[in-house]
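Each chain, written out:
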Amino acid sequence: MRYPLKPIFCRPWVLNGLSLKLIESHYENNYGGALRRLNAITEQLESLDFAKTPGHVVNGLKREELVALNSALLHELYFASLGGEGKPTKTMADALARDFGSVDRWRSEFVAMGNALGGGSGWVLLVYVPRERRLVNQFAGEHTQAVTGGIPLLALDMYEHAYHMDFGANAKAYVDAFMRNVDWKAVEARYEDALKVEPPRPLVQEEFGDLPGIDVEEVKAMLDSGKPLQFIDARPGHYVSRTQDIIDGATWRDPERVQEWMGQLSKSDPVVVFCVYGFHVGCRTAVTLREAGFDAKYMKGGHSGWKAMGGPIRFER
Ligand SMILES: [Fe+2]
């Protein structure tokens, strides 16, 4: 397959303080170069017999393919970021204020990131992250360091070829000129498209239907607040006998003998129960407790989730 060329998105003659010569050279040589490289590498990869190709050859080509592909994509976004008047639309101003505190705060971080790359190279990107449904500014070196699942909305090219012809080594003046020319209407249109992307699917445990679960962070906050909480470690006995760590604040109870120990619990205070990873054992125990009239929830992610979050652990047994 061939990657088709995308026309230059901005109208280069309307740009303020970025010369036609610079933009043309950038588009033709650097964007065009990346696309031509990408298509040459793709052709070469398509002709390979992978079973007979040494690993280092495959590795090198796939690495170069990644660099060329992302360079082409980011350059397309770069030219599509220009051509406006540099003033965020109401929608974008609200979104930036929501995620960065204020538009000025966003701008000062974005500009500082660009300035910091003067004399070096890389991209500064405003990215929408569906997992958090929020915007972040990210640095990307080697054309490739993209936030996984992130959707870039605005791209500032800080490779020297993007500004040297007009600004010499004065990267700061180039960053200022870029900011004056940002097409925020186009950024908003991309943001609206990005908002339609759903976050990664949550873990669904169909067999436990509507059993209420609770996140590890929320349990930690409950413990820290000092409110009464009956926090039950219900990891299977055979598992616990092989380990020595227990979540600080939790009491181990054998999930096989829940009928024996549930009588020691209070029905007026909440119960949070967990197993190793937050699947069957913890859920089944929570179901049993709920059927007996306790206000019980299972902790999502279980013991492992707690440790991954960096929650306190004690060693005993
Ligand atoms: Fe570039």
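These figures come from a predicted structure and were not determined experimentally.

### Quick look at a nonpolar patch on the surface
Next, step 1: A cluster of nonpolar side chains, namely Trp13, Val14 and Leu20, defines an oily patch on the protein surface of about 330 Å² accessible area.
Next, step 2: Assignment of secondary structure puts Val14 in the segment before α1 (20-46).

### Notes on the pairing of strand β2 (residues 134-140)
Next, step 1: In the sheet, strand β1 (residues 123-129) pairs with β2 via seven bridges, with the strands oriented antiparallel. Across the sheet, Val127 pairs through a bridge with Val136, a residue of β2.
Next, step 2: Turn length for the β1-β2 hairpin, with the two strands adjacent in sequence and antiparallel, is four residues, and the turn residue Arg133 shows positive phi of about 50 degrees.

### Some thoughts on the sheet that holds β2
Strands pair in a sheet through their backbones, by hydrogen bonds, and they do so in one of two ways: parallel or antiparallel.
Next, step 1: On the basis of which strands lie adjacent, the open sheet formed by three strands has the order β2-β1-β3 and antiparallel pairing. In this open sheet, the two edge strands, each paired with only one partner strand, are β2 and β3 (151-157). Within this sheet the neighbouring strands show an average axis-to-axis angle of 20 degrees, counted without direction.
Next, step 2: Of the strands in this sheet, β1 and β3 are in contact with helix α2 (residues 55-81), which crosses β3 at around 80 degrees.

### Brief notes about the coordination of the iron ion
Next, step 1: Within the protein, the atoms that donate to the iron ion are His26 (NE2), His75 (NE2), Asp157 (OD) and His161 (NE2), at distances of 1.8 to 2.1 Å.
Next, step 2: With four donor atoms in place around the iron ion and angles of 89 to 127 degrees between them, the coordination shape is tetrahedral.
Next, step 3: Mapping the donors of the iron ion onto the primary sequence gives the spacing H-x48-H-x81-D-x3-H. In this pair, His26 is assigned in helix α1 and Asp157 in strand β3, connecting sequence segments 131 residues apart. Here His26 and Asp157 have matching classes, each one buried.

### Let's talk about helix α4 (residues 103-116)
Three or four residues apart is the spacing at which side chains of an α-helix point the same way, because the helix has 3.6 residues per turn.
Next, step 1: Its 14 residues place the ends of α4 20 Å apart at the C-alpha level, agreeing with the 20 Å of an ideal helix rising 1.5 Å per residue.
Next, step 2: Buried residues belonging to α4 abut α3 (90-100), β1, β2, β3, α6 (171-180) and α7 (184-195).

### Some thoughts on the packing of aromatic side chains
Next, step 1: Applying the stated rule across the entire model yields 13 aromatic pairs.
Next, step 2: Here Tyr78 and Phe79 contribute two aromatic rings whose centre-to-centre distance is 5.2 Å and whose plane-to-plane angle is 75 degrees, an arrangement assigned as edge-to-face.
Next, step 3: Considering the side-chain rings of Phe231 and Trp306, the 5.8 Å spacing of their centres and the 55 degrees angle between planes classify their relative orientation as tilted. Linking Phe231 in strand β5 (residues 230-233) with Trp306 in helix α12 (residues 302-309), this pair joins segments that are 75 residues apart in sequence. Here Phe231 matches Trp306 in class, with each residue buried.

### Observations regarding the packing of α3 against α7
Next, step 1: Between α3 and α7, whose axes approach to 9 Å, the crossing angle comes to 65 degrees. Considering the angle they form, α3 stands roughly perpendicular to α7. Listed contacts from α7 to Thr91, Met92, Ala95, Leu96 and Arg98 of α3 are Trp184, Val187, Glu188 and Tyr191.

### Section: the state of the cysteines
A covalent bond between the sulfur atoms of two cysteines is what we call a disulfide.
Next, step 1: Counted by the stated rule, this structure contains zero disulfides.
Next, step 2: Left without a disulfide partner, Cys275 is nearest to the cysteine sulfur of Cys283, which lies 6.5 Å away.
Next, step 3: We classify Cys275 as buried; its relative accessible area is 4%.
Next, step 4: Using a relative accessible area of 0% as the deciding quantity, one classes Cys283 as buried.

Criteria and thresholds
- Residues numbered from 1 in each chain as written.
- Predicted model: local features only at pLDDT ≥ 70, side-chain atom pairs only at ≥ 80, totals over all residues.
- Heavy atoms only, no water.
- Patch = residues over 30% accessible without salt bridge, like charges linked within 9 Å, V, L, I, M, F, W, Y side chains within 5 Å.
- Areas by Shrake-Rupley, 256 points an atom, 1.4 Å probe, with all protein chains shown as cover.
- Salt bridge = Lys/Arg side-chain N within 4 Å of Asp/Glu carboxyl O.
- Helix = DSSP H or I, 4+ residues; strand = E, 2+ residues; numbered from the N terminus.
- Pairing = 2+ DSSP bridges.
- Axes fitted to C-alpha atoms, helices over the stretch in contact; angles between N-to-C directions.
- Contact = heavy atoms within 4.5 Å.
- Donors = N, O, S within 2.8 Å, 3.2 Å for Na, K, Ca; no water.
- Tetrahedral: all angles 85-135°; square planar, octahedral: opposite > 155°, others 65-115°.
- Buried < 20%, exposed > 50% of the residue type's maximum accessible area, 1.4 Å probe, protein only.
- Expected span 1.5 Å × (residues − 1).
- Phe/Tyr/Trp six-rings, centres within 6.5 Å; stacked < 30°, edge-to-face > 60°.
- Parallel < 35°, antiparallel > 145°, perpendicular 65-115°, else oblique.
- Disulfide = S-S within 2.5 Å.

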